[in-house]
Amino acid sequence: MTLVHPLPKVNQPDELKDLRPTSILPTLIGKIMSFQITAHLSHYNLLPPTQSGFRTGYGCASALTNIVDDIVSAVDNNKLTALAILDYSKAFDKINHKVLISVMHYLGFGSNAMNLLKSYLKQRIQRVVLANASSDHCVIRSGVPQGSILGPLLFSIHVSKLAISVNFCNIHFYADDAQICYSFHPKDIDTANANINSDLNNLIELFDKHLLSINLIKSSLILFGKARIRDTIAHRVKININNVSLPVNTEAKNLGVTLDAHLKFKTHVNSLIQKAYTELKHLFSNRSV
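Residues numbered from 1 in each chain as written. Predicted model: local features only at pLDDT ≥ 70, side-chain atom pairs only at ≥ 80, totals over all residues. Heavy atoms only, no water.

For this particular structure, what's the right way to read the overall build of the chain?
Across its full length, the chain holds nine helices and 15 strands. Its C-alpha atoms give the chain principal-axis dimensions of roughly 60 × 60 × 35 Å. Expressed as a percentage of the 289 residues in the chain, the buried residues total 43%. Counted over contacts in the chain with a minimum sequence separation of 6, partners at least 24 positions apart contribute 72%. Put simply, the chain has 29 plus and 20 minus side-chain charges, and the middle of one group is 4 Å from the middle of the other. (Helix = DSSP H or I, 4+ residues; strand = E, 2+ residues; numbered from the N terminus. Buried < 20%, exposed > 50% of the residue type's maximum accessible area, 1.4 Å probe, protein only. Contact = heavy atoms within 4.5 Å. Lys, Arg positive; Asp, Glu negative; His and termini not counted. Charge placed at Lys NZ, Arg CZ, Asp CG, Glu CD.)

Here it is in structure tokens:
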């Protein structure tokens with residue numbers, strides 16, 4: 001049984017989303033299972049190179065480097081690049097255990113491993129404890145344990161085959177963040193719209209089969225390219241998710257970095273300078289300590 005102690009993400013939480021879910025599960029078993037699962041995945045090279053989350057030798061830096069390199073190469077060739085940054089809705093909580101087991105069976109994990117994983121996931125019970133009050137017990141019927149070593153790895157396995165649905169775009173994953181980019185000449189804008197929407201529809205269809213969904217509020221679309229070309233084409237970019245049109249933004253946060261349409265990084269640099277200035281101000285006020 002897990003006791004969940006709500007920890008606020010913000011100073012004054014008003015909604016459930018302002019609380020950070022925690023999990024106090026035995027870490028030893030999780031570490032052993034994680035080591036053995038990772039060894040199997042590495043030996044048979046089962047995770048796609050486009051998945052940069054929670055893997056040795058990969059990270060936010062490698063994911064961002066790949067994406068920015070694609071964009072810069074396109075700009076050098078007088079092309080535009082549309083980047084759709086997608087966010088799963090409650091991704092870690094919605095993983096269906098049967099689907100996850102099926103994916104792992106497809107990846108070659110044996111019956112003993114499957115039985116161990118089933119016992120790890122099933123019959124998990126939790127209740128929320130806050131101050132001296134506690135909720136009723138609740139059986140967890142979906143999702144992977146958050147705050148555990150094994151949770152992110154299981155999620156990466158769960159979405160490892162989603163890239164096969166993309167035929168025209170480049171796709172990159174970082175845990176529960178997915179993004180697809182497509183480069184094109186301005187004259188091919190109609191073809192670009194058709195290809196991007198086709199890949200998005202295929203991707204969302206596969207999401208549905210994995211019982212995952214896209215959070216439209218946190219998803220965004222940026223069009224990169226030389227300013228003169230971009231400004232004449234931006235209004236013709238028509239990208240839809242579930243019949244909802246994504247507006248073309250001039251900047252958006254991607255894996256902790258604010259990307260802007262011209263790749264100047266001014267907003268991101270200014271944000272870092274402001275944070276550094278604030279920290280220096282605190283240090284200066286306590287210089288006598």
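There is more to say after this.
How should I be thinking about the side chain of Asp87 in this particular structure?
Looking at the secondary structure, you find Asp87 in strand β4 (residues 80-87). Once residues within four sequence positions are removed from consideration, Asp87 is found in contact with Asp176, Asp177, Ser213, Ile214, Asn215, Lys218 and Ser219.

What am I meant to see in unusual backbone geometry here?
Trans peptide bonds make up most of the peptide bonds, and negative phi angles are found at most residues other than glycine. With a phi angle near 60 degrees, Asn78 is a residue other than glycine that sits in the positive phi range. Its location among the elements puts Asn78 in the loop between α2 (60-76) and β4. According to the relative accessible area criterion, Asn78 is partly exposed, its value standing at 39%. Although it is not a glycine, Leu255 sits at a positive phi angle of roughly 55 degrees. For Leu255, the location among the structural elements is in the loop between β14 (251-254) and β15 (257-260). The class of Leu255 is buried, set by a relative accessible area of 17%.

Explanation requested: the sheet that holds strand β10 (residues 220-224) in the structure shown.
By way of backbone hydrogen bonds, the strands of a sheet pair with one another, either parallel or antiparallel. Strand order in this open sheet of five strands is β8-β9-β4-β10-β13, and the pairing throughout is mixed. Of all the strands in the sheet, the pair left with one neighbour each is β8 (170-174) and β13 (248-249). Docked against the sheet, α2 engages β4, β8, β9 (177-184) and β10, running at close to 160 degrees with respect to β8. Each of β4, β8 and β9 is contacted by helix α7 (residues 189-209), which is oriented at about 160 degrees to β9, the strand it contacts most. (Pairing = 2+ DSSP bridges. Axes fitted to C-alpha atoms, helices over the stretch in contact; angles between N-to-C directions.)

It is not clear to me how the confidence of the model for the chain should be interpreted in this structure. Could you clarify?
Reading predicted coordinates in detail is not appropriate for stretches of low pLDDT. Averaged over every residue, the pLDDT of the chain is 85; residues scoring 70 or more account for 92%. Between the elements of the chain, mean pLDDT differs from a low of 53, seen in strand β1 (residues 2-4), to a high of 95, seen in β10. (pLDDT = per-residue confidence, 0-100.)

Hey, could you run me through the pairing of β15 in this one?
Within a regular strand, side chains alternate between the sheet's two faces. Burial of β15 is two-sided: the residues Val257 and Leu259 facing one way and the residues Thr258 and Asp260 facing the other way are all buried. One ladder, built from four bridges, connects β14 with β15; its direction is antiparallel. Bridge pairing in β15 places Asn254 opposite Val257. The loop that links β14 with its antiparallel partner β15 comprises two residues; one of these, Leu255, has a positive phi angle of about 55 degrees.

Looking at this structure, I do not really get helix α6 (residues 150-158). What am I missing?
In an α-helix, one full turn covers 3.6 residues, which means residues spaced three or four apart are oriented alike. Across the nine residues that make up α6, a large majority, nine, are buried. Those residues of α6 that sit buried are Leu150, Gly151, Pro152, Leu153, Leu154, Phe155, Ser156, Ile157 and His158.

Where do I start with the environment of His97 in this structure?
Secondary-structure assignment places His97 in helix α4 (residues 97-106). The buried category is assigned to His97, whose relative accessible area is 8%. Taking C-alpha positions, His97 is 6.0 Å from Ser142, a pair spaced 45 residues apart along the chain. Setting aside residues no more than four positions away along its own chain, His97 makes contact with Leu121, Arg124, Ile140, Arg141, Ser142 and Gly143.

Can you help me understand the pairing of β10 in this one?
Counted residue by residue, β10 has five buried out of five residues, so it is predominantly covered. Residues Ser220, Ile222 and Phe224 point to one face of β10 and Leu221 and Leu223 to the other, with burial holding for every one of them. Taken together, the five bridges between β4 and β10 define a ladder with antiparallel strand orientation. Looking at the pairing, Ala84 lines up with Leu221 of β10.

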